[in-house]
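Residue strings, one per chain:
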Amino acid sequence: MKWSNVYSKADLYQRSPPSMISLAGGVPNPSLFPYETTTISLKDGSKLDFGWNIMQQALQYSSSAGVPELLNWLKEFQIKIHNPPTARYSPEKGQMDICVTTGSQDGLAKVFDMVISPGDNILLDVHCYSGILSAMKPLGCNLIGVPIDKYGIIPKALKDVLSEWKPEDAKNPKSNIPKVLYTVPNGNNPTGTSMTTQRKEEIYQIAHDYDLLIIEDDPYYFLQFEKPWAPSFLSLDIDGRVIRADSFSKILSAGLRVGFLTGPKPLIERVILHIQSSCLHTSAFTQFMVLQLLQQWGQHGFLKHVECVIEFYKKQKDLMVTAANKWLKDVAEWHEPAAGMFLWLKVKGISDTYRLVMEKALEKEVLFVPGNAFSIDSSQPSPYLRASFSFASAEQMDLAFQRLATLIKEAVQTGRETR
């Protein structure tokens, strides 16, 4: 694999001793940057000081894979949290590697560009985050929704979908057998489903049998409400068939746009090539904001912060479930989420929630998302709607569900819920 000559020299210069004389890259002279230093105050009263030496690096071009010190921290952390078997493999066998991306969705979009060709059959949860659908559909692939229950993708349903093919078809380059399985294993958006250990093991075995690449999109991993947490697909990956997307958006800041991919080195290297030819690298300044914080906290401090985040969202979830039990028991059904930010409601007696949500609820000044927004074919009716418990107060949740219950009853009585 050939790397970009220009940016491989830039990466080499970053790792070189101060005595190195570089006449290679067109790197702007930092003495002309108007920014000198900055200090960021944290909520615990401590500070992150960006002196001139740090600022020079944070404001300069950086490695396409990510700031080296941040990559090292993340690699050590992934090994501690997930202990992937591939961390001990050779590069040829699928050794674990990492790169930083501009939020996890940027990384996922680059993975899709890498592995999906027009006409490919792609497996994913039957209800899927709309941003992922928007990223996949322009690639000309066929999206195949796999049925789910409260624990996510149902292994038997996945086998049923794949029964059209034989496992040996995966070795035939002319076969249209699916080659990718995309899923959100914890706190799925929109459904709030979370996979158990047994379910992940069953799905991984199916992926092994049919030679599927698993794209494990796990932005809500650190929003799991109860322990012990089920192992990740990455931690089960003995074949080098898992690409995992992580995000700091839900636990540090969404606006920083810092995520990272973990997966087999040959695939991560190709994502880095894509980064080189598109955005060059994730903002070095935001990477240093994350790095300085993680270095100050250490792994223990970071996980302590995670516990605070979990505690908050668990309380929010409990408040929403309480409001739902109070107002919606007779008009909707749901499973209490074990992670994430969302309650997925199936409305009784209504085949399509679009008009209910986009007209009637808006008139009553309540916002939800209709279920068809998360369907592979958004023109099809959906009896579902998504409610988020991340931001609203207990009083707002209570009032919103009171209004929703009234609207559902009115719609069922009149039979005018269609678009």
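Summarised in this report is the structure supplied together with it. Note that the structure is a prediction, hence the values are computed from the model and not measured.

Definitions and limits used
Residues numbered from 1 in each chain as written. Predicted model: local features only at pLDDT ≥ 70, side-chain atom pairs only at ≥ 80, totals over all residues. Heavy atoms only, no water. Phe/Tyr/Trp six-rings, centres within 6.5 Å; stacked < 30°, edge-to-face > 60°. Helix = DSSP H or I, 4+ residues; strand = E, 2+ residues; numbered from the N terminus. Buried < 20%, exposed > 50% of the residue type's maximum accessible area, 1.4 Å probe, protein only. Axes fitted to C-alpha atoms, helices over the stretch in contact; angles between N-to-C directions. Parallel < 35°, antiparallel > 145°, perpendicular 65-115°, else oblique. Left-handed = near helix turned anticlockwise from the far one by under 90°. Contact = heavy atoms within 4.5 Å. Nonpolar A, V, L, I, M, F, W, Y, C, P; charged D, E, K, R; others polar. Pairing = 2+ DSSP bridges. Expected span 1.5 Å × (residues − 1). Polar contact = N/O pair within 3.5 Å; in protein donor to acceptor, adjacent residues only side chain to side chain.

## Points about the packing of aromatic side chains
In this structure the tally under the stated criterion is 18 aromatic pairs. Judged by centre distance (5.3 Å) and plane angle (85°), the rings of Phe 77 and Phe 302 are edge-to-face. A residue pair is termed long-range when its members are at least 10 positions apart, and Phe 77 in helix α3 (residues 68-82) and Phe 302 in helix α10 (residues 284-327) qualify at 225 residues. Like Phe 302, Phe 77 is buried. With a centroid separation of 6.1 Å and an interplanar angle of 70°, the aromatic rings of Phe 222 and Trp 229 are classed as edge-to-face.

## Describing the packing of α10 against helix α12 (residues 394-414)
Contact geometry of α10 with α12 gives a least axis separation of 9 Å together with a crossing angle of 30°. Relative to α12, the element α10 is oriented roughly parallel. Both α10 and α12 take part in a crossing whose hand is right-handed. Touching Gln 316, Leu 319, Met 320, Ala 323, Ala 324, Lys 326 and Trp 327 of α10 are Ala 394, Met 397, Asp 398, Phe 401, Gln 402 and Ala 405, all from α12. Of the residues that constitute the contact of α10 with α12, the class distribution is nine nonpolar, two polar and two charged.

## Overview of the sheet that holds strand β12 (residues 332-333)
Backbone hydrogen bonds hold the strands of a sheet together, and the pairing may be parallel or antiparallel. The strand order across the open sheet formed by four strands is β12-β13-β15-β14, and the pairing between neighbours is antiparallel. Since the sheet does not close on itself, it has two edges, and those belong to β12 and β14 (369-370), each with one partner. In this sheet, strand β15 (residues 384-388) lies alongside strand β13 (residues 342-347) in antiparallel orientation, the contact comprising five bridges. Considered in β15, the bridge of Trp 344 is made with Arg 386. α12 rests against β13 and β15 of the sheet, and its axis sits at about 20° to β13.

## Concerning α3
Under the 1.5 Å per step criterion, the end-to-end length of α3 is 21 Å for 15 residues, consistent within 8% with the ideal 21 Å. Within α3, the full set of buried residues consists of Pro 68, Leu 70, Leu 71, Trp 73, Leu 74, Phe 77, Gln 78 and His 82.

## Some thoughts on the pairing of strand β1 (residues 38-41)
Every other side chain in a regular strand lies on the same face of the sheet, so the side chains alternate between the two faces. Sheet topology note: the β1/strand β2 (residues 47-50) ladder contains four bridges and is antiparallel. When the sheet's bridge partners are listed, Ser 41 is paired in β2 with Lys 47. In this antiparallel pair of consecutive strands, β1 and β2, the connection spans five residues, and Gly 45 shows a positive phi of 95°.

## Let's talk about unusual backbone geometry
Note the cis peptide between Asn 189 and Pro 190, where omega equals 25°. Positionally, Pro 190 belongs in the loop between β8 (180-183) and α7 (197-210). Note the cis peptide between Lys 227 and Pro 228, where omega equals 5°. Mapping Pro 228 onto the fold places it in the loop between β9 (213-217) and α8 (233-236). We note that Leu 280 has phi near 75°; this positive angle belongs to a residue other than glycine. Along the polypeptide, Leu 280 turns up in the loop between α9 (265-277) and α10. Here Leu 280 falls in the buried class, since its relative accessible area comes to 11%. Here the phi dihedral of Glu 365 falls at roughly 60°; this positive angle occurs in a residue that is not glycine. For Glu 365, the position within the fold is in the loop between α11 (354-363) and β14. Judged by its relative accessible area of 71%, Glu 365 is exposed.

## Considerations on the side chain of Thr 183
Of note, Thr 183 is situated in strand β8. In terms of polar contacts, Thr 183 uses its side chain to reach the side chain of Asp 125, at 2.9 Å. Every residue in contact with Thr 183, bar those within four places of it in the chain, is listed here: Asp 125, Ile 153, Met 195, Ile 215, Glu 216, Asp 217 and Phe 233.

## Topic: the sheet that holds strand β4 (residues 121-125)
Sheet architecture is open: seven strands sit in the order β3-β11-β10-β9-β8-β4-β5, paired in mixed fashion. Lying at the two open borders of the sheet, with one neighbouring strand each, are β3 (96-101) and β5 (142-146). When strand polarity is set aside, the average angle formed by the axes of neighbouring strands in this sheet is 20°. Two strands pair when backbone bridges link them, and β4 and β8 are joined in this way by three bridges, in the parallel orientation. What sits directly across from Ile 122, in β8, is Val 180.

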